[in-house]
Amino acid sequence: RANYRLIEEELRCYKETKKMLEELREEVLEGTSRIEGPRAEGQVGDPTGSKAIKLTGIALTEAGRRVAAIERSFEQIKRAGDPRRSQSLEMKYFGGYYTDRGIAKELGVAESSVRRWRKEFVGLIAEKLGWIV
């Protein structure tokens, strides 16, 4: 249940996460490996800085994995054929905070269909991440 909620939160923050990832990747690619200031021979580098770089790399990798799982899952659903299904997911997660009832009314489907499609989408993302929901 916690994984389900986490995935839904990732979906709600998808656009911001993707933008942050792109900005961070750009910073990393444009950054330099130049060491600031002189360093005496045999002097140890900045261990805190090294740890921060490793942690940032881990966080970037995980965020990238989640974004990729969302994108692959959404593309898979779009290819499945029912445009109302992908529209409902776009409305729910990428186009604002629509209620299930509002989405159902807008698309002319049952509210239970909207909930089922949402549950299937979250399950598909969880499967791609190797998580249990």
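### Considerations on the overall build of the protein chain
- Helices and strands together make up the secondary structure of the protein chain, namely 6 helices and 0 strands.
- When the helices and strands of the protein chain are read in sequence order from the N terminus, they spell out α-α-α-α-α-α.
- For the protein chain, the residues scored as buried account for 32% of the 133 residues in total.
- A separation threshold of at least 6 residues defines the contact pool for the protein chain, and within that pool the share at least 24 residues apart is 70%.

### As for the pattern of salt bridges
- On inspection of all chains with the given rule, the structure shows 15 salt bridges.
- With a closest N to O distance of 2.6 Å, Arg66 and Glu10 form a salt bridge. Remark: Glu10 occurs in helix α1 (residues 2-12) and Arg66 occurs in helix α3 (residues 47-79); sequence separation between them is 56 residues.
- Judged by its relative accessible area of 16%, Glu10 falls in the buried class.
- For Glu62, the salt bridge goes to Arg66, with nearest N and O atoms at 2.9 Å. Remark: Arg66 and Glu62 occur in helix α3; sequence separation between them is 4 residues, near one turn of the helix.

### Some points on the side chain of Ser73
- Within the secondary structure, Ser73 sits in helix α3.
- With relative accessibility at 0%, the residue Ser73 sits in the buried group.
- Polar contacts involving the side chain of Ser73 include one to the main-chain carbonyl oxygen of Ala69, which spans 2.8 Å.
- In contact with Ser73, not counting residues within four places along its chain, are Phe121, Leu124, Ile125 and Lys128.

### Side note on the confidence of the model for the protein chain
- On average, residues of the protein chain score 84 in pLDDT, and 80% of them are at 70 or above.
- Within the protein chain, helix α6 (residues 111-129) carries the highest mean pLDDT (96), whereas α3 carries the lowest (82).

### A closer look at the environment of Arg25
- Its location among the elements puts Arg25 in helix α2 (residues 14-30).
- Along the primary structure Arg25 and Leu60 are separated by 35 residues, whereas in three dimensions their C-alpha atoms are 8.4 Å apart.
- Leave out the neighbours within four places in its chain, and Arg25 touches Leu60 and Gly64.

### Some words on the environment of Gln87
- Here Gln87 shows up in helix α4 (residues 83-94).
- Residue Gln87 is classed as partly exposed on the basis of its relative accessible area, which comes to 37%.
- For the pair formed by Gln87 and Leu107, sequence separation is 20 residues and the distance between their alpha carbons is 8.2 Å.

Criteria and thresholds
Residues numbered from 1 in each chain as written. Predicted model: local features only at pLDDT ≥ 70, side-chain atom pairs only at ≥ 80, totals over all residues. Heavy atoms only, no water. Helix = DSSP H or I, 4+ residues; strand = E, 2+ residues; numbered from the N terminus. Buried < 20%, exposed > 50% of the residue type's maximum accessible area, 1.4 Å probe, protein only. Contact = heavy atoms within 4.5 Å. Salt bridge = Lys/Arg side-chain N within 4 Å of Asp/Glu carboxyl O. Polar contact = N/O pair within 3.5 Å; in protein donor to acceptor, adjacent residues only side chain to side chain. pLDDT = per-residue confidence, 0-100.

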